[in-house]
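Observations on chain architecture
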Amino acid sequence: GRKLTLENEFFLVMVRLRLGLDVEDLADRFDISSSTVSRLFTSWINLMYCKFAELPMWMSRKKIDKLMPLCFKKWYPSTRTVIDGTEFFIERPSNLGRQTATWSNYKNHNTMKALICISPDGTVTFVSNLFEGAISDCELVEQCGLLSMLEPGDSVMADKGFDIQHLLAPIRVRLNIPPFRRGEQVFTPDAVMKTKKIAAVRIHVERAINRIKEFSLVSGVIPNSLWDIAEQTIHVCAYLTNFQPALVG
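This section reports on the structure supplied with the text.

Reading guide: rules and limits
- Residues numbered from 1 in each chain as written.
- Predicted model: local features only at pLDDT ≥ 70, side-chain atom pairs only at ≥ 80, totals over all residues.
- Heavy atoms only, no water.
- Helix = DSSP H or I, 4+ residues; strand = E, 2+ residues; numbered from the N terminus.
- Rg over C-alpha atoms; globule rule 2.2 N^0.38 Å.
- Contact = heavy atoms within 4.5 Å.
- Lys, Arg positive; Asp, Glu negative; His and termini not counted.
- Charge placed at Lys NZ, Arg CZ, Asp CG, Glu CD.
- Core = buried A, V, L, I, M, F, W, Y, C linked by side-chain atoms within 4.5 Å.
- Buried < 20%, exposed > 50% of the residue type's maximum accessible area, 1.4 Å probe, protein only.
- Polar contact = N/O pair within 3.5 Å; in protein donor to acceptor, adjacent residues only side chain to side chain.
- Salt bridge = Lys/Arg side-chain N within 4 Å of Asp/Glu carboxyl O.

1. Here's the deal with the overall build of the protein
A count of helical and extended segments in the protein gives 11 helices and seven strands. The globule rule puts the C-alpha radius of gyration for 249 residues at 18 Å, and the 20 Å found for the protein is close to it. In terms of principal-axis extent, the alpha carbons of the protein reach across some 65 × 45 × 30 Å. Sequence separation of at least 24 residues holds for 60% of the intrachain contacts in the protein that already meet a minimum separation of 6. Computed over 30 positive and 27 negative side-chain charges, the separation of the two mean positions in the protein equals 8 Å.

In structure tokens, the structure reads:
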């Protein structure tokens, strides 16, 4: 028979996501076996992933405009999404090829990388599949499926690592990124102002990512034992952040 009530099973899953407790610790706390904890966690994550997937994340242009905060309405009213890549630490894979492909020089660790997109009001509207940590930001955008969801007249806001205008121009989407400084060149007052304006609103995607990583299970090193459900787990954490109050007023 069922050892825990459904409510306590769900509570166990939320505790593991938020606090990152290991299987043995949870088994002890809930007075069940470690194998039961693993089985319950996997079942619930897959169930939540499937159920949340029925709720469309990506917002229509009409809804984006309706919820557009003043800070965007004034300077960047065509913004459809603000994007950023984020890396998740993973335990070193046993497979040598995967070890190399997941090695991130930037983080000096094995990682998987995802593209996170928010609407101007701070709602998470897209989380890509996980890619090996060595992938570039440009390749990430090209391969993750975001381009097919954008519409002519939209604009995308990103950090200057996302030099993706060549991907957006053919679909008539504009890119707003901070200006580049060439060599010793000094920024003009206009360029300084543009950098400040973009930084002031782009910060919200970093705040959204921080909310996802408040779930300790995905902010620490994701163990190999969770490899098969790592993608689903990260998606579930992202969906859960959308139940919190809006990031941007």
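More follows now that the structure is in view.
2. Brief notes about the nonpolar core
By size, the foremost hydrophobic cluster in this structure holds 56 residues, and its most contacted members are Leu12, Val13, Leu17, Phe41, Val124 and Ile222. In terms of nonpolar packing, the next biggest core, distinct from the first, is built from 20 residues, Leu140, Leu146, Phe162 and Ile177 among them.

3. A few points about the environment of Lys3
By secondary structure assignment, the location of Lys3 is in the segment before helix H1 (6–19). For the pair formed by Lys3 and Asp31, sequence separation is 28 residues and the distance between their alpha carbons is 8.9 Å. Here Lys3 is in contact with Asp31 and Ile32, once residues within four sequence places are set aside. A distance of 2.8 Å separates a polar side-chain atom of Lys3 from the backbone oxygen of Asp31.

4. Details of the side chain of Arg16
Its location among the elements puts Arg16 in helix H1. The side chain of Arg16 is buried and forms no salt bridge, while Asp22, the nearest opposite charge, is found at 7.4 Å. Ignoring anything within four residues of it in the chain, the contact list for Arg16 reads Leu21, Val23, Leu26, Phe41, Leu217 and Leu226.

5. What to know about the pattern of salt bridges
Scanning the model with the defined rule gives nine salt bridges in all. Where Asp137 meets Lys113, a salt bridge forms, and the shortest distance between an N and an O atom there is 2.9 Å. Placement of the pair is Asp137 in helix H7 (residues 137–143) and Lys113 in strand E3 (residues 109–118), with a sequence separation of 24 residues. Judged by relative accessible area, which is 8%, Lys113 ranks as buried. Put simply, Arg202 and Glu206 hold a salt bridge, and the shortest N to O gap is 2.3 Å. Taken together, the positions of Arg202 and Glu206, both in helix H9 (residues 189–212) and four residues apart, correspond to about one turn of that helix.

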